[in-house]
Amino acid sequence: MAAQCAQESIYNLLPRLEEKPVKPPRYISTFRPSVKSEVAKNKAQWKTMGPAKAAVPSPKNFLQKHSKEPKLPARKKEQDSKKLPALSVPRRTDHPVMGIQSKKNFINTNAVAAITGLPKKPQPIYVDRRQGDKYLLETSGLVPKYIKKKDYGVTPKYVTRRNEEMKKAQKEYEAGILEHLKKRAMKQLSDEERRSLLQGLKKNWEEAYREFQGLSVEIDTIPKKIYKEKLESQMKQLEHDIEVIEKHKVIYIANE
């Protein structure tokens, strides 16, 4: 216990001076003067921070209210002297012209106009019931006014133009198909070859039909049933081929 505690002494009561640690000298590069001179050479007056001396605004020129709003030009005196447009309504100070009388006899004038005038043509009407209900004939659709037009029965221009475009597109399509077939080396069957092929298919169909007619009435075995189905599928395929060849006059085949 005695070893851990500090040894008591009267000298410990005296104040001690604090010793400040001495700093080592600061490092200064040997190239410092040359770097300073290079920086001063390359530095311009307005390069980064603007002009060296800027004019300070006067405190009297402060921003006022509504100072930035657009202002209309002052009204000229010439505009004030212009006359106002004439009004259709008479003014309060205007007075009507009085004392003007006409010597025209309106009764005789109207009588002469009624006597010499042409009578008014009545509108054509039609009656469709016995009660006498009348309807206008022009809007009823009974008057053949459309067939009496000059362009009645004439093909419209847009239809003619569309037909020409369709014909042109069909020709281009056929030309494209022919070119495509030429590239693929397709061969067109001649009329004789098409006729002989059609006759051969019909002959095969007749033979298959003859064999089909020669089958027994009662098909009681599996081989007979399979043979009958084979003949039916063969005849159906031949009928399809015959129909295709008869329908298409031009037939192309690929060269082997």
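Only a predicted model underlies this, so the values are computations on that prediction, with no experimental measurement involved.

I tried to follow the pattern of salt bridges on my own but got confused; where do I start?
Once their charged atoms are close, side chains differing in charge can pair, the charge on each being opposite to the other. On inspection of all chains with the given rule, the structure shows three salt bridges. With its nearest N and O atoms 3.7 Å apart, the salt bridge here joins Asp-220 to Lys-224. By relative accessible area, which is 53% here, Asp-220 ends up exposed. Residue Lys-224 is classed as partly exposed on the basis of its relative accessible area, which comes to 36%.

What's the story with a nonpolar patch on the surface in this structure? I'm lost.
Where nonpolar side chains cluster on the molecular surface, the patch consists of Ile-10, Tyr-11, Leu-13 and Leu-14 and spans about 540 Å² of accessible area. Residue Tyr-11 is classed as exposed on the basis of its relative accessible area of 63%.

What exactly am I supposed to notice about the nonpolar core here?
Note that soluble globular proteins tend to have their nonpolar side chains buried in a common cluster. Judged by nonpolar contacts, Leu-189, Leu-198, Leu-201, Leu-238, Ile-242, Ile-245 and Ile-251 together constitute the single largest core of seven residues. Those elements that provide at least two residues to this core are α5 (191-213) and α6 (222-247). Looking at this core element by element, the count peaks at three residues for α6. Excluding residues that lie within four positions of it along the chain, Ile-251 makes contacts with Lys-187, Gln-188, Leu-189, Arg-194 and Ile-245.

Quick question: what am I supposed to make of the packing of aromatic side chains here?
One pair of aromatic rings is described through two measures. These are the centre distance and the angle between the planes. Taken as a whole, this structure holds two aromatic pairs when the rule is applied. The interplanar angle of 35 degrees and the centroid separation of 5.7 Å between the aromatic rings of Tyr-126 and Tyr-135 together place this pair among those described as tilted. Relative to Tyr-209, the ring of Trp-205 lies with its centre 5.2 Å away and its plane at 5 degrees, an arrangement referred to as stacked. Of this pair, Trp-205 and Tyr-209 both sit in helix α5, separated by four residues, roughly a single helical turn. Residue class for Tyr-209 comes out partly exposed when judged on its relative accessible area of 37%.

What exactly am I supposed to notice about the packing of α5 against α6 here?
Where α5 meets α6, the axes come as close as 9 Å, and the angle between the chain directions of the two elements is 155 degrees. By the angle between their axes, α5 is roughly antiparallel relative to α6. Seen along the crossing, α5 lies across α6 with a hand that is left-handed. Between α5, through Arg-194, Leu-197, Leu-198, Leu-201, Lys-202, Asn-204, Trp-205, Ala-208, Tyr-209, Glu-211 and Phe-212, and α6, the contact on the second element is made entirely by Tyr-227, Lys-228, Leu-231, Glu-232, Met-235, Leu-238, Glu-239, Asp-241, Ile-242, Ile-245 and Glu-246. Residues belonging to the contact of α5 with α6 are distributed by class as follows: 13 nonpolar, one polar and eight charged.

What counts and how
- Residues numbered from 1 in each chain as written.
- Predicted model: local features only at pLDDT ≥ 70, side-chain atom pairs only at ≥ 80, totals over all residues.
- Heavy atoms only, no water.
- Salt bridge = Lys/Arg side-chain N within 4 Å of Asp/Glu carboxyl O.
- Buried < 20%, exposed > 50% of the residue type's maximum accessible area, 1.4 Å probe, protein only.
- Patch = residues over 30% accessible without salt bridge, like charges linked within 9 Å, V, L, I, M, F, W, Y side chains within 5 Å.
- Areas by Shrake-Rupley, 256 points an atom, 1.4 Å probe, with all protein chains shown as cover.
- Core = buried A, V, L, I, M, F, W, Y, C linked by side-chain atoms within 4.5 Å.
- Helix = DSSP H or I, 4+ residues; strand = E, 2+ residues; numbered from the N terminus.
- Contact = heavy atoms within 4.5 Å.
- Phe/Tyr/Trp six-rings, centres within 6.5 Å; stacked < 30°, edge-to-face > 60°.
- Axes fitted to C-alpha atoms, helices over the stretch in contact; angles between N-to-C directions.
- Parallel < 35°, antiparallel > 145°, perpendicular 65-115°, else oblique.
- Left-handed = near helix turned anticlockwise from the far one by under 90°.
- Nonpolar A, V, L, I, M, F, W, Y, C, P; charged D, E, K, R; others polar.

Without other data, these values stay purely geometric and don't point to any function.
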